[in-house]
Amino acid sequence: MTNPLGLEGFQHVYSGKVRDLYAPLGPDGAPVPDRLMLVASDRISAYDWVLDTPIPDKGAVLTRLSLWWFDQLADLVPNHVVSTDVPAAVAGRAVIVRRLEMLKLEAIARAYLTGGGLEEYRAKGSVCGVPLPEGLEDGSRLPEPVFTPTTKAPVGEHDLPMSPAEVEELVGADVAAEVSRLTRAILARGNEIAAERGILIADTKVEFGRAADGSGGLVLGDEVLTPDSSRFWPAAAWQPGRSQPSYDKQFVRDWLTSPESGWSRSSGEAPPPLPERVVEQTRAKYVEAYELLTGETF
Ligand SMILES: C[C@H](c1ccccc1)n1cc(-c2ncnc(N)c2C#N)cn1
């Protein structure tokens, strides 16, 4: 398996759109059984494309934000974080984690109605089998966070909504109930903290696993409550009844859909490189979100 970052002592396991997974190697050259390393890149995705232009420090900012959220949520749920003792090449944007048996579902909760949840609501008056009040619009706040899990689709395919029965069939009734409870509680806690700081978290995707030896309960894996795993909206601009501006990606979206980019979403062609000003504006939004939420300086 190639080692894209040339990390001595690590085996490349998987590359997602914006993050990569590595296995630490032991002195015998074999992967250490119960450890992985998650590496956050500076890559950014928009309109289902991974853009050519990196956003400097995005990986480091989102790693630090996720670590901060794991601490804020530690009373709610244990997590997989072991340490930030990582190679210099990825210092600040990588985390050593416990290797878990990951549940094969995307645990999504929604506090505001938009995107796929809005489409389903408009068709059925419910999302993932949960009836919702009438008259909700794009961006409406939901009475309480709703659990809207999906499958983990193979690369290149779309995740599909799962009904409560399908989740129970996959993981059993007790684990299904706990995943729903925890996912909704994580989003509720996230919004309690974020709303005071001018950010609305419309929805979020988390991943749970269990210890490989089957001991203990659910462990929160992956990243948590970052702008990559969640929709971040500026609270001051919230206006139900229209598409909400993205806290972190609006500069990218606006430029890509402007005549200046020369690009069309319907072209099927890859987006052009971003101008430096859009890169800098976007970097600044990630840093701003981190500093507002954590009270720390990046
Ligand atoms: C999709 C996601 C991913 C994250 C980062 C980069 C690429 C993929 N992923 C996470 C695991 C995983 N497997 C076992 N134990 C764990 N603690 C984790 C975690 N987190 C497998 N895939």
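Everything numeric here is computed off the predicted structure, so don't read it as measured data.

**Structural notes on the layout of surface pockets**
And then number 1: Estimated volume of the second largest pocket: approximately 260 Å³.
And then number 2: Along the wall of the second largest pocket there are 20 residues; nearest its centre are Val130, Val146, Phe147, Ser180 and Arg184.
And then number 3: The set of elements that each furnish at least two residues to the lining of the second largest pocket consists of β11 (130–131), β12 (141–147), α3 (164–171) and α4 (173–195).
And then number 4: For the lining of the second largest pocket, the per-class residue count stands at 15 nonpolar, two polar and three charged.

**Notes on the packing of helix α1 (residues 58–72) against helix α6 (residues 276–294)**
And then number 1: Where α1 contacts α6, the two axes come as close as 9 Å, and the packing angle between them is 20 degrees. By the angle between their directions, the pair α1 and α6 is classed as roughly parallel. When you trace α1 past α6, the crossing you get is left-handed. Here α1 contributes Lys58, Val61, Leu62, Arg64, Leu65, Trp68 and Trp69 to the contact with α6, which in turn contributes Tyr286, Val287, Tyr290, Leu293 and Thr294.

**Remarks on the site of the ligand**
And then number 1: As a structural note, the neighbourhood of the ligand is formed by 14 residues, with Tyr14, His80, Arg98, Leu100 and Asp222 the closest of them.
And then number 2: One of the side-chain N or O atoms of His80 is found 3.0 Å from a nitrogen atom in the ligand.
And then number 3: In this structure, a nitrogen atom belonging to the ligand sits 2.7 Å away from a main-chain N or O atom of Arg98.
And then number 4: In the complex, 86% of the free accessible area of the ligand, which totals 470 Å², lies under the protein chains.
And then number 5: Those elements giving two or more residues to the shell around the ligand turn out to be β2 (19–24), β3 (35–40), β7 (94–98) and β8 (100–102).
And then number 6: If one sorts the elements of the shell around the ligand by residue count, β2 sits on top with three residues.

**A look at the domain arrangement of the protein chain**
And then number 1: Along its sequence, the protein chain is organised into domain 1 (11–99) and domain 2 (101–267).
And then number 2: For domain 1 and domain 2, the distance between their C-alpha centroids amounts to 21 Å.
And then number 3: Each partner contributes to the roughly 2500 Å² buried at the junction of domain 1 and domain 2, and carbon and sulfur atoms together form 68% of this total.
And then number 4: When residues of domain 1 are sorted by the area they lose upon contact with domain 2, Tyr47, Trp69 and Leu76 head the list and together hold 28% of the total.
And then number 5: There are four salt bridges connecting domain 1 and domain 2.
And then number 6: Between Asp228 and Lys58 there is a salt bridge whose closest N-O contact spans 2.6 Å.
And then number 7: Linking domain 1 to domain 2 there are ten residue pairs in polar contact (both at pLDDT 80 or more).
And then number 8: The set of elements that each furnish at least two residues to the side of domain 1 that touches domain 2 consists of β4 (45–46) and α1.
And then number 9: Among the elements that line the side of domain 1 that touches domain 2, the one with the most residues is α1, at eight residues.

**Brief notes about empty space enclosed by the protein**
And then number 1: If you walk through the whole model with that rule in mind, you get two cavities of 30 Å³ or more.
And then number 2: Space inside the largest cavity adds up to approximately 150 Å³.
And then number 3: Taken together, 15 residues line the largest cavity, and the ones lying closest to its centre are Leu38, Thr63, Ser66, Val95 and Glu223.
And then number 4: Among the elements of the structure, β3, α1 and β7 are those that each provide at least two residues to the lining of the largest cavity.
And then number 5: Of the voids in this model, the second largest cavity is the one considered here, and its volume is about 40 Å³.
And then number 6: Taken together, Val18, Arg19, Ala40, Ser41, Lys58, Gly59, Leu62, Glu223 and Asp228 make up the lining of the second largest cavity.
And then number 7: Among the elements that take part in the lining of the second largest cavity, α1 stands out by supplying three residues, more than any other.
And then number 8: Taken together, the residues of the lining of the second largest cavity sort by class into three nonpolar, two polar and four charged.

**With respect to the nonpolar core**
And then number 1: Core analysis: the biggest nonpolar cluster contains 55 residues, and Trp69, Val179, Ile186, Phe208, Leu220, Val224 and Leu274 have the highest contact counts within it.
And then number 2: With eight residues, α4 is the single largest residue contributor to this core.
And then number 3: Mapped onto the domain boundaries, this core takes at least three residues apiece from domain 1 (11–99) and domain 2 (101–267).
And then number 4: Contacts of Val224, omitting those with residues within four sequence positions, involve Ser66, Trp69, Phe70, Leu73, Ile186, Val206 and Ser229.

**Focus on the packing of α3 against α4**
And then number 1: Their axes nearest at 7 Å, the elements α3 and α4 cross at an angle of 120 degrees. The orientation of α3 relative to α4 falls into the category oblique. For the element pair α3 and α4, the recorded crossing hand is right-handed. In this structure, α3 contributes Val167, Glu168 and Val171 to the contact, and α4 contributes Ala173, Val175 and Ala176.
And then number 2: A breakdown of the residues in the contact of α3 with α4 according to their chemical character gives five nonpolar, no polar and one charged.

Thresholds applied
Residues numbered from 1 in each chain as written. Predicted model: local features only at pLDDT ≥ 70, side-chain atom pairs only at ≥ 80, totals over all residues. Heavy atoms only, no water. 1 Å grid on protein atoms, 1.4 Å probe; cavity = no way out; pocket = protein on both sides within 12 Å on 5 of 7 lines; lining within 4 Å. Points joined across faces, edges and corners; volume = space filled by probe spheres on them. Helix = DSSP H or I, 4+ residues; strand = E, 2+ residues; numbered from the N terminus. Nonpolar A, V, L, I, M, F, W, Y, C, P; charged D, E, K, R; others polar. Axes fitted to C-alpha atoms, helices over the stretch in contact; angles between N-to-C directions. Parallel < 35°, antiparallel > 145°, perpendicular 65-115°, else oblique. Left-handed = near helix turned anticlockwise from the far one by under 90°. Contact = heavy atoms within 4.5 Å. Near = heavy atom within 4 Å. Polar contact = N/O pair within 3.5 Å; in protein donor to acceptor, adjacent residues only side chain to side chain. Areas by Shrake-Rupley, 256 points an atom, 1.4 Å probe, with all protein chains shown as cover. Domains from an automatic or database assignment. Buried area = accessible area lost by both parts, 1.4 Å probe. Salt bridge = Lys/Arg side-chain N within 4 Å of Asp/Glu carboxyl O. Core = buried A, V, L, I, M, F, W, Y, C linked by side-chain atoms within 4.5 Å. Buried < 20%, exposed > 50% of the residue type's maximum accessible area, 1.4 Å probe, protein only.

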